[in-house]
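Topology and contacts: notes
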Amino acid sequence: TLGRATIAAGKVDDGMKEIRTAQQKSHGTWLFMETLATALTDNHRALEAVEFLETTKTEDRSAKHWVALGKAQRFVGADDKAKAAYDEALNQDDGAVDAMIGQALLLSQQKKYDEASPWFEKAVEVYANYPDIYENIGLIWIAQGAHQDANAQLLEAERRLISQNAEYGRRQRFYQTVTEAF
């Protein structure tokens, strides 16, 4: 969307306005709600994302809604609420890969790596071509100081991003995240 492109160009507030306008014109279409919530969370405004998502009408709360809420809750440190949101996403859609990744990341933040691994394995079983899985596994390896293992996962994530012709902003976030992790 134009809003995401504007954010990728470094104009976060302008991009947020564009996404909010599109979301209002669409009468709350989930695509715009998810885009706005993700943009808020990814730009260090997770508390705004939580507030936005918690005010969404109950009937509009799909698995994607719960994943976005879980991510925002994880970013503000509300681990129990994040876990509950990811659980709800998986209750609605047992193939919700982003919820599996969210569970794994939540456990990894808590240094429960052995409990995180099965979530990543399940995510790979469901959607092996999803670059985010390999990116996050790589980042966890970096956090543990296992740079060689991290390299293999990050190279796989990069390969999949390129082969899937991921949008420029997504690739840029990948490289920025990896650079910051090292």
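Here's what I pulled together on the structure shown here.

Criteria and thresholds
- Residues numbered from 1 in each chain as written.
- Predicted model: local features only at pLDDT ≥ 70, side-chain atom pairs only at ≥ 80, totals over all residues.
- Heavy atoms only, no water.
- 1 Å grid on protein atoms, 1.4 Å probe; cavity = no way out; pocket = protein on both sides within 12 Å on 5 of 7 lines; lining within 4 Å.
- Points joined across faces, edges and corners; volume = space filled by probe spheres on them.
- Helix = DSSP H or I, 4+ residues; strand = E, 2+ residues; numbered from the N terminus.
- Nonpolar A, V, L, I, M, F, W, Y, C, P; charged D, E, K, R; others polar.
- Buried < 20%, exposed > 50% of the residue type's maximum accessible area, 1.4 Å probe, protein only.

Turning to the layout of surface pockets, a few remarks are in order. The calculated volume of the second largest pocket comes to roughly 200 Å³. Counting only elements with at least two residues in the lining of the second largest pocket, the list comes to α8 (113-126) and α9 (131-143). The element contributing the most residues to the lining of the second largest pocket is α8, with 6 residues. Taken together, the residues that form the lining of the second largest pocket break down as 6 nonpolar, 3 polar and 2 charged.

Within the structure shown, the criterion is met by 1 cavity of 30 Å³ or more. A volume near 30 Å³ is recorded for the largest cavity. Lining the largest cavity we find Ala-37, Thr-38, Thr-41, Ala-49, Leu-53, Ala-68, Lys-71 and Ala-72. Of all the secondary structure elements, the ones that give two or more residues to the lining of the largest cavity are α3 (30-42), α4 (46-54) and α5 (63-75). Across the lining of the largest cavity, the residue classes break down as 5 nonpolar, 2 polar and 1 charged.

Mapped onto the fold, Tyr-168 is located in helix α11 (residues 168-181). Since its relative accessible area comes to 56%, Tyr-168 is described here as exposed. Sequence-wise, Tyr-168 and Ala-49 are 119 residues apart; in three dimensions their C-alpha atoms are separated by 24 Å.

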